[in-house]
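What follows is each chain in one-letter form.
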Amino acid sequence: MHIEFCGADRTVTGSCHLLEINGLRVFLDMGMYQGPRQEAERINRWLAPNAATADALILSHGHLDHCGKLPVLVRGGFKSAIHCTPATAEVARIVLGDSAAIQVEDVQYLQRQGTPQAAPEPLYTPKDIPGVLGLMRRIPYGQKTDLGKGVSFTFFDAGHILGSAYVLVEWESKRLLFTGDVGRYDTPILRDPQAIPGAVDYLITESTYGNTQHAPMSEVGPQFLDAVRFCVQRRSRLLVPSFAVGRTQTVLWYIQRFMQDGQIPPIPIFVDSPMGVEISKIHSQFRENYDEQTLAAIGTHDLFGTSRVTFASTTEQSKQINDQGGPCVIIASSPTCEFGRILHHIKQSVDRPDDLIVFVGYIPPNTLGRRLQNGEKRARIFDRWYDVRCQVRTIHGLSAHADGDELMRFLQPALNPRATAWVVHGEVDQAEPFSRRLLGAGVAAASLPEMQSIAEL
Ligand SMILES: [Zn+2]
């Protein structure tokens, strides 16, 4: 057995690992790297040698940094099955379509601005998406699936976004666990991460917040309420740069609750993303994925049926939101603020002292989002410099990722003295302390693999 590490090594985005077991070659995820443009261009156009002839791909969930390079792989000649949960197939369909559209829009905008060299051509376009969807095989949670050559795998609910799974790969008497992304416990809408069914020999684990302690979930609502009230009182704009799938729904859920409970007056909410309408539909299709509290709270209603949400699909609608005064909430991708519609809204708000940007999850380093989050006072947006006068806050508890303690709580049943662990999907300051924590918990070995390194076992 060997593992080739093809992404999210000593960094968070671009999840991709290639297993070879009994001659069977299986990818775990094929995610897009999200970072500075030039580096992202290089990494996202790269594929592992012989990627096209791999025997299968197992997709943990539909976030772009886990599925976003699938069109590149399929363009490169990959024709095998892409296994994912039924909800992930739907989420990935929307995410990939949106990603393709955003890349085309972004290139067009840069060309209009006279800087075509910044983005020579899109990584892929909407025409590349049907080829990916045609390879998808929908596998429910808990169903053991044979991949051939004595290798099988099973999905379990990871509680991270709709459809998210962790993966247990089994062959002969061996078991490998790939965590994908692990959610928090007691979050709105989704179930908690499912308990791992016993000890494993090999572990590939995420570590996004491996050395962090989030605020308890009980503090997240009040923090977010305070941010919304800030903008209500000042009649200003609240911008939420967000992953369109997952955080957007959580943010909508909280604002809807605040309004229903009379904690804030009704204010307009804009989801400025072509996938907004479809996401709502998808959540409605998979009610069986909600947790008990959510089902009890909504009864027979739709998840976002009662909020004053405007979903902006077209570029024209997006431009109208640009001129929208406060108070209002605008949720738009991408969380990196490197591309996507959020950039246009930040451009409008960046020098207004009463407007507020709230970050609600992980932001990769060396991106506009991270620089704003770090409190930098000058920001370059579309090749122009601006003074940052707006307010900036981060609510880490709104993250879709477990923190260090929650990861340990989740992994505990899998840990044992025979287990070898690779700590991925985390920056070194998170991943390294977390690998030491795993060693302290008694695993045989734990390390941070390098990109394109191979572990022989
Ligand atoms: Zn994710």
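Conventions used here
- Residues numbered from 1 in each chain as written.
- Predicted model: local features only at pLDDT ≥ 70, side-chain atom pairs only at ≥ 80, totals over all residues.
- Heavy atoms only, no water.
- Donors = N, O, S within 2.8 Å, 3.2 Å for Na, K, Ca; no water.
- Tetrahedral: all angles 85-135°; square planar, octahedral: opposite > 155°, others 65-115°.
- Helix = DSSP H or I, 4+ residues; strand = E, 2+ residues; numbered from the N terminus.
- Buried < 20%, exposed > 50% of the residue type's maximum accessible area, 1.4 Å probe, protein only.
- Pairing = 2+ DSSP bridges.
- Contact = heavy atoms within 4.5 Å.
- Polar contact = N/O pair within 3.5 Å; in protein donor to acceptor, adjacent residues only side chain to side chain.
- Axes fitted to C-alpha atoms, helices over the stretch in contact; angles between N-to-C directions.
- Domains from an automatic or database assignment.
- Salt bridge = Lys/Arg side-chain N within 4 Å of Asp/Glu carboxyl O.
- Nonpolar A, V, L, I, M, F, W, Y, C, P; charged D, E, K, R; others polar.
- Phe/Tyr/Trp six-rings, centres within 6.5 Å; stacked < 30°, edge-to-face > 60°.
- Lys NZ or Arg CZ within 6 Å of the ring centre and 35° of its normal.
- Core = buried A, V, L, I, M, F, W, Y, C linked by side-chain atoms within 4.5 Å.

Time to look at the coordination of the zinc ion. Six octahedral donors at a metal ideally form angles of 90 or 180 degrees, and four tetrahedral donors ideally form angles of 109.5 degrees. Protein coordination of the zinc ion is provided by His-61 (NE2), His-63 (ND1), His-160 (NE2) and Asp-181 (OD), with donor distances spanning 2.1 to 2.3 Å. Coordination at the zinc ion comes from 4 donor atoms whose angles at the metal span 92 to 164°, giving a geometry best classed as irregular. Each donor residue of the zinc ion belongs to the same chain, and together they define the spacing H-x1-H-x96-H-x20-D. Taken together, the residues His-160 in the loop between β8 (151–157) and β9 (165–171) and Asp-181 in the loop between β10 (174–178) and β11 (202–205) connect sequence positions 21 residues apart. A single burial state applies to His-160 and to Asp-181, both of which are buried.

Regular strands have side chains that alternate between both faces of the sheet. Across the two faces of strand β13 (residues 269–272) the burial is the same, with Ile-269 and Val-271 and Phe-270 and Asp-272 all buried. Bridge analysis of β13 against strand β14 (residues 309–312) gives 4 bridges, and the strand direction is parallel. Note that in β14 the partner of Phe-270 across the bridge is Thr-310. Pairing of β13 with strand β15 (residues 328–332), which is carried by 4 bridges, proceeds in the parallel orientation. Within β15, the residue paired with Ile-269 across the bridge is Val-329.

With that out of the way, let us pick up helix α13 (residues 404–411). Across the 8 residues of α13, 6 count as buried, placing the element largely inside the fold. Along α13, the residues classified as buried are Gly-404, Glu-406, Leu-407, Met-408, Phe-410 and Leu-411. The inward-facing, buried residues of α13 abut β9, β10, β11 and α14 (428–440). Capping the start of α13 is the job of one residue whose side-chain oxygen sits 3.2 Å from the backbone nitrogen of Asp-405: Asp-403.

Spatial strand order, β7-β8-β9-β10-β11-β20-β21: 7 strands in an open sheet with mixed pairing. A strand with exactly one partner marks an edge of an open sheet, and here the two such strands are β7 (145–148) and β21 (445–447). Direction aside, neighbouring strands of the sheet carry axes that sit 20° apart on average. In the sheet, β8 pairs with β9 via 7 bridges, with the strands oriented antiparallel. Bridge assignment links Thr-154 to a residue of β9, and that residue is Leu-168.

Moving on: the domain arrangement of the protein. Annotation of the protein at the domain level lists domain 1 (2–212 + 400–456) and domain 2 (217–398). Between the C-alpha centres of domain 1 and domain 2 the distance comes to 25 Å. Of the residues lining the interface, 37 residues belong to domain 1; the matching set on domain 2 comes to 46 residues. Taken together, the connections running from domain 1 to domain 2 amount to 2 salt bridges. We note a salt bridge from Glu-427 to Arg-370, for which the minimum N-O separation is 2.8 Å. The element contributing the most residues to the side of domain 1 that touches domain 2 is helix α4 (residues 86–112), with 12 residues. Its residues assigned to classes, the side of domain 1 that touches domain 2 comprises 18 nonpolar, 9 polar and 10 charged.

We now examine the environment of Gly-180. Of note, Gly-180 is situated in the loop between β10 and β11. The class of Gly-180 is buried, set by a relative accessible area of 3%. Separated by 34 residues in sequence, Gly-180 and Asp-146 place their C-alpha atoms 20 Å apart.

Next up on the list: the pairing of β8. By the criterion of burial, β8 is predominantly enclosed, with 7 of the 7 residues buried. What you see with β8 is no split at all: Val-151, Phe-153, Phe-155 and Asp-157 on one side and Ser-152, Thr-154 and Phe-156 on the other are buried throughout. Remark: 2 residues form the turn of the hairpin made by β7 and β8, two consecutive strands paired antiparallel; Lys-149 in that turn has positive phi of roughly 55°.

So, on to unusual backbone geometry. The phi torsion of most residues other than glycine is negative, and most of the peptide bonds are trans. For the bond running from Gly-326 to Pro-327, omega is -5°, close enough to zero to count as cis. Tracing the backbone through its elements, the reader meets Pro-327 in the loop between α10 (315–322) and β15. One non-glycine residue, Ile-189, lies in positive phi territory at about 70°. Within the element layout of this structure, Ile-189 appears in the loop between β10 and β11. For Ile-189, a relative accessible area of 2% corresponds to the buried category. One non-glycine residue, Gln-452, lies in the positive phi region at around 70°. Relative to the helices and strands, Gln-452 resides in the loop between β21 and β22 (454–456).

Turning our eyes to something else, we now look at the packing of aromatic side chains. Scanning the entire structure with this criterion turns up 9 aromatic pairs. Seen in terms of ring centroids, Tyr-254 and Phe-258 are 6.2 Å apart; in terms of plane orientation they differ by 35°. Their pairing is tilted. With a gap of 4 residues between them, Tyr-254 and Phe-258 both fall in helix α7 (residues 247–260), about one helical turn apart. A single burial state applies to Tyr-254 and to Phe-258, both of which are buried. The structure contains a cluster of three or more aromatic residues connected by ring pairs, namely Phe-5, Trp-171, Tyr-202 and Trp-422. The residue whose ring lies beneath Arg-234 is Phe-230, and the NZ or CZ to ring-centre distance is 3.8 Å.

Quick look at the nonpolar core now. Counting 42 residues, the largest nonpolar core has Phe-27, Leu-57, Leu-59, Leu-70, Ile-82, Tyr-124 and Met-136 as its most contacted members. When residues in this core are grouped by element, the largest group, 8 residues, is from α4. Two domains each donate at least three residues to this core, and these are domain 1 (2–212 + 400–456) and domain 2 (217–398). Residues within four places of Leu-57 in sequence aside, it is in contact with Phe-27, Asp-29, Met-30, Leu-70, Leu-73, Phe-78, Ala-81, Ile-82 and His-83. Judged by nonpolar contacts, the second largest core, of 36 residues, contains Phe-224, Ala-227, Val-251 and Trp-253.

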